[in-house]
Each structure stands twice: as structure tokens, then as C-alpha cells.
Amino acid sequence: MKELTQVRDAVAAALARAGVTALPAFPAERAKAYPGAVATVAVGAAEGRPLGFCSYLGERADPETGAVRERYGKQLEGVISVDVRAERAAVCEQGCEAASEALLGDLPPGVRPGELRWEALTWERATGLFLRRGSLRCQAVFTAESREDGAEFLDFILRGAVKHE
């Protein structure tokens with residue numbers, strides 16, 4: 001699902017802005033290749049629902065062309081898994097602090113953070129690194145517009161995120 005990837009990428013970008021290296025969650029062993037704290041990010045459980053009547057939000061006139069486009073929306077509720085690993089416990093804790101600030105205050109407007117939980121710091125034998133697992137409950141809002149000819153609509157884009165083409 002493209003929407004889940006958009007949420008994962010938005011979280012990884014927020015962590016990177018906070019100075020924490022962020023990677024897709026698998027495989028965890030890749031964390032050894034980076035200095036400092038490394039966060040692995042994945043979208044766990046997710047549940048979607050339409051916004052508006054059958055996802056229809058109404059019409060919007062394009063400010064540049066004046067063309068009227070139909071708007072659609074949907075919302076996902078889910079859990080983002082963020083695991084922070086580091087060679088030293090103190091560095092792992094610092095990474096968790098930076099990650100907490102990013103997760104609760106630097107996500108795009110389309111991602112509304114909810115409850116953030118961190119498990120206790122542990123030693124992960126498989127990677128030889130300290131590990132602190134975290135999870136963030138959140139809601140993500142996506143919108144899509146019809147093409148100018150109205151024949152089809154474009155992909156759903158995370159609200160507040162920049163679309164890369």
C-alpha cells in the first residue's frame with residue numbers, strides 16, 4: 001500500500017531532520033554499519049477509512065488554471081514502530097530523546113501523533129547493539145484529486161507532504 005510507505009518515509013525524514021539516521025526496518029543488522037544511534041522504521045498495524053461521503057470531499061478550483069477538480073480523502077490509523085540501536089547505551093538513549101521530539105513535534109500536518117511508548121533499554125545479542133523499541137499511535141490523512149479531464153484521480157498523497165515525481 002503506497003500510503004503506508006508514505007507514512008514510513010515521512011517518519012524517517014522527521015528522524016533524519018532530528019539528527020537520527022533512519023532506515024526501513026529490515027534487516028536490523030544494517031544498523032551496525034552506521035556510527036551513532038540508528039532508528040529502523042516500519043508501519044505496523046493499520047486501519048483505513050474514507051473521509052467524507054464515500055471518500056468524496058467536494059470540488060476545488062485550481063488557482064493557476066481555474067480547472068475544477070474533485071477531491072477525495074481517506075484516513076489511516078496505525079502504529080509506527082521505531083527501534084533505536086547503538087553501540088553504547090548512552091548513545092541509544094540520546095537517539096531515543098531526539099526521536100521522541102521528532103515523532104511528537106516534527107511530522108507533516110497529515111500525520112497526527114498520538115501515544116508514544118518506549119520499552120526498556122535492552123542488549124540485542126543478534127546485532128551486538130543496545131536496543132530500545134518504540135511505537136507511535138497515529139492518524140494519517142491522505143487526499144487525492146481528479147485529473148483535469150476528470151477521467152481518473154491521482155494517487156492519494158499524505159496531507160502536508162511533498163510529492164516526489
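Data block above holds the structure.
Throughout what follows, the structure given in this document is the object of discussion.

1. Some thoughts on the packing of aromatic side chains
Right, so step 1: If you walk through the whole model with that rule in mind, you get one aromatic pair.
Right, so step 2: Taken together, a centroid distance of 5.0 Å and an interplanar angle of 75° make the contact between Trp123 and Phe130 edge-to-face.

2. Some thoughts on the pattern of salt bridges
Right, so step 1: Under the defined criterion, the tally for this structure stands at seven salt bridges.
Right, so step 2: Residue Glu3 is joined to Lys74 by a salt bridge in which the shortest nitrogen-to-oxygen separation is 3.0 Å. Of this pair, Glu3 sits in helix α1 (residues 2-17) while Lys74 sits in strand β3 (residues 68-86), and the two are 71 residues apart along the sequence.
Right, so step 3: Residue class for Glu3 comes out buried when judged on its relative accessible area of 9%.
Right, so step 4: Asp9 is paired through a salt bridge with Arg8; the nearest N and O atoms lie 3.1 Å apart.
Right, so step 5: Residue classification places Arg8 among the partly exposed residues on the basis of a relative accessible area of 25%.

Calculation rules
- Residues numbered from 1 in each chain as written.
- Predicted model: local features only at pLDDT ≥ 70, side-chain atom pairs only at ≥ 80, totals over all residues.
- Heavy atoms only, no water.
- Phe/Tyr/Trp six-rings, centres within 6.5 Å; stacked < 30°, edge-to-face > 60°.
- Salt bridge = Lys/Arg side-chain N within 4 Å of Asp/Glu carboxyl O.
- Helix = DSSP H or I, 4+ residues; strand = E, 2+ residues; numbered from the N terminus.
- Buried < 20%, exposed > 50% of the residue type's maximum accessible area, 1.4 Å probe, protein only.

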